Amino acid sequence: AGTLTNAAVNLLLQSGDQSNVGYGPANVTATLNAVGPLGLSNTASTVNEGVANAQHYLVANPSGGVAVASGGTYTYQIKVAAGTARYLGVAISSGANYPYIIVDTTTWTITDTGAIGSGVYASSSISGNANGFRTISITGSITAIALYYPIVWITNASTDSAVPTYVGTSRTLITADWQ
């Protein structure tokens with residue numbers, strides 16, 4: 001088993017700044033303007049879903065993915081603080097194949113888990129951090145795929161196996177430390 005996060009190397013560069021070119025937005029804006037988990041200004045990003053009738057997500061390293069051992073089991077984690085969005089999805093994606101979770105940011109509970117296509121969901125967790133942040137982790141694999149794309153999406157539903165299309169209402173969440 002491997003990890004997208006380990007003590008020596010974070011495979012996701014610029015992990016606190018989702019406004020950076022290393023993160024691909026789809027009908028969201030990300031602005032590096034929030035206090036992060038360590039209490040420092042401008043070390044977390046406010047993600048706003050806007051008002052489009054579309055999918056609303058951020059994907060890490062959209063141009064090349066994160067190279068991993070094909071079919072290996074990996075853990076992806078992100079630190080999130082509540083904004084105005086109630087639900088968010090987190091996945092280790094490879095297009096149409098991914099394990100995922102849905103999180104309620106008002107209760108900090110996981111409301112849905114599963115996998116799409118050849119994705120395999122293994123486990124997930126939420127733990128508390130300082131300054132209102134929670135570490136959200138998901139572990140899983142994608143059979144015979146060697147590139148993963150960590151993804152976070154704002155959603156309007158507590159159970160949703162795919163990134164939904166809906167009319168946004170400018171809801172927000174704060175993200176930092178993608179690993």
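Structure first, text after, so check above.
Along every chain, residues carry numbers that run from 1 in the direction the sequence is written. With pLDDT at 70 or above as the cut-off, local features in this predicted model cover only qualifying residues; side-chain atom pairs require 80 or more to be listed or tallied, and sums for whole chains, interfaces and linings still use all residues. For the side-chain quantities, the full set of heavy atoms in the structure was used; hydrogens and water were omitted.

Engineer: Summarise unusual backbone geometry; cite the residues concerned and give the values.
Structural biologist: For residues that are not glycine, phi is negative in most cases, and the peptide bond is trans in most cases. Despite not being glycine, Asn27 has its phi angle at roughly 60 degrees, a positive value. The secondary structure listing takes helices from DSSP runs of H or I that are at least 4 residues long and strands from runs of E that are at least 2 residues long, numbered from the N terminus. Mapping Asn27 onto the fold places it in the loop between β1 (23–26) and β2 (29–34). Given the relative accessible area of 41%, Asn27 is considered partly exposed. Positive phi, normally seen in glycine, also occurs at Ser170, with a value near 60 degrees. Along the chain, Ser170 falls in the loop between β14 (166–167) and β15 (172–176). Overall, Ser170 belongs to the partly exposed group, its relative accessible area being 33%. Burial classes follow relative accessibility: with a 1.4 Å probe on protein chains only, a residue under 20% of its type's maximum area counts as buried, one over 50% as exposed, and anything between as partly exposed.

Engineer: How would you sum up the packing of aromatic side chains? Please name residues and give values.
Structural biologist: Ring pairs shown here join Phe, Tyr and Trp side chains whose ring centres sit within 6.5 Å, with only the six-membered ring taken for Trp; geometry is labelled stacked below 30 degrees between planes, edge-to-face above 60, and tilted in between. Summed over the entire model, instances satisfying the criterion amount to four aromatic pairs. Aromatic pair Tyr74 and Tyr148: ring centres 5.4 Å apart, planes at 90 degrees, arrangement edge-to-face. Of the two residues, Tyr74 is situated in strand β7 (residues 73–82) and Tyr148 in strand β13 (residues 147–155); the sequence distance between them amounts to 74 residues. Among the aromatic residues, ring-to-ring pairing joins Tyr98, Tyr100 and Trp153 into one connected group.

Treat this as a map of the structure, not an account of what it does.
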